[in-house]
Amino acid sequence: EGFFDASIDAALFSNFAAKDQLLTIASNSAVGSPAYFYKAGQFEYKFNGQVGEMFSYSASASPTKANLIRGTLFTNGVGSFGGNSAVQQLGEVPSGGTLVMALHVFSASGTSPTLDINLRSDDNAGFSSPTTRISTVQATGIGSQLLTLAGPITDTYWRHTYTIGGTGPSFGFAVVVAII
């Protein structure tokens, strides 16, 4: 809910009839904070207000396939080069469990920009022998991806690497990881 903003309106309205849109919610944008995500559909978008009052809106979305997933925010920001996220100790992925990664690309600029992300694990915080567990499809613009890998995985430390390519590239993106 909030007061009308044309940029928010454009994003909400363009996804009004879309199904299976990845939706992530975080009350804190700091790395390491909890974030919740799911595939959403059945959107509702309402306008409110009387003549002479501020024009407000409310929006909601219900899950279409899976329940709400609680994860950890690994990255939330803008990047122009490659690098690593901070190391997070999430624990093991048990037998029968699933590793889940959500990627949101909010902005992309430059000539032929590309973004590649690899989620890696290790048995130690120093990442002396990391193993790549999930790789995204190369992102070239705004969008989202939801990727999964079945357990078991005995490593307990996690981080992602990211590579940004192109001429003068810049990406705004967020990565959330969960073990369910």
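The preceding data block contains the structure.
Participant: Describe the overall build of the chain, and please don't skip the residues or the numbers.
Facilitator: Each helix and strand in the chain was counted, giving one helix and 11 strands. For the chain, the succession of helices and strands along the chain, N to C, is β-α-β-β-β-β-β-β-β-β-β-β. C-alpha atoms of the chain, sized along the principal axes, occupy 65 × 40 × 25 Å. Here the chain holds 180 residues, and the buried ones make up 38% of them. Contacts in the chain between residues at least 24 apart in sequence constitute 73% of all its contacts with a sequence separation of at least 6. Side-chain charges of the chain comprise 8 positive and 11 negative groups, with the mean position of each set lying 7 Å from the other.

Participant: Which residues make up the environment of alanine 139, and what values go with them?
Facilitator: Considering the arrangement of structural elements, one finds alanine 139 in the loop between strand E9 (131-135) and strand E10 (143-150). Look at alanine 139 and you get buried, because its relative accessible area is 6%. When the C-alpha positions of alanine 139 and valine 105 are compared, they lie 7.8 Å apart, and in sequence the two are 34 residues distant. If near-sequence neighbours (up to four positions away) are discounted, alanine 139 is found in contact with Val105, Pro113, Thr114, Leu115, Gln145 and Phe171.

Participant: So what's going on with the packing of aromatic side chains? Which residues, and what values?
Facilitator: Scanning the model with the defined rule gives one aromatic pair in all. Relative to phenylalanine 173, the ring of tyrosine 162 lies with its centre 5.3 Å away and its plane at 65°, an arrangement referred to as edge-to-face. With a relative accessible area of 18%, tyrosine 162 lands in the buried category.

Participant: Lay out the pattern of salt bridges in plain terms, naming residues and giving numbers.
Facilitator: Once the charged atoms of two side chains with opposite charge are near each other, the side chains can pair. By the definition in use, this model includes one salt bridge. Across the pair arginine 133 and aspartate 155 runs a salt bridge, and its minimum N-O distance is 3.2 Å. Of the two residues, arginine 133 is situated in strand E9 and aspartate 155 in the loop between E10 and strand E11 (157-179); the sequence distance between them amounts to 22 residues.

Participant: Report on the pairing of strand E8 (residues 98-122), specifying residues and quantitative values.
Facilitator: When E8 meets E10, the two strands line up antiparallel, connected through eight bridges. Across the sheet, residue histidine 104 finds its bridge partner in E10, namely serine 144. For E8 and E11, the ladder comprises 20 bridges, and the chain directions are antiparallel. In the strand pairing of E11, arginine 120 is matched with arginine 159. Taken together, the four bridges between E8 and E9 define a ladder with antiparallel strand orientation. Note that in E9 the partner of asparagine 118 across the bridge is serine 135.

Parameters at a glance
Residues numbered from 1 in each chain as written. Predicted model: local features only at pLDDT ≥ 70, side-chain atom pairs only at ≥ 80, totals over all residues. Heavy atoms only, no water. Helix = DSSP H or I, 4+ residues; strand = E, 2+ residues; numbered from the N terminus. Buried < 20%, exposed > 50% of the residue type's maximum accessible area, 1.4 Å probe, protein only. Contact = heavy atoms within 4.5 Å. Lys, Arg positive; Asp, Glu negative; His and termini not counted. Charge placed at Lys NZ, Arg CZ, Asp CG, Glu CD. Phe/Tyr/Trp six-rings, centres within 6.5 Å; stacked < 30°, edge-to-face > 60°. Salt bridge = Lys/Arg side-chain N within 4 Å of Asp/Glu carboxyl O. Pairing = 2+ DSSP bridges.

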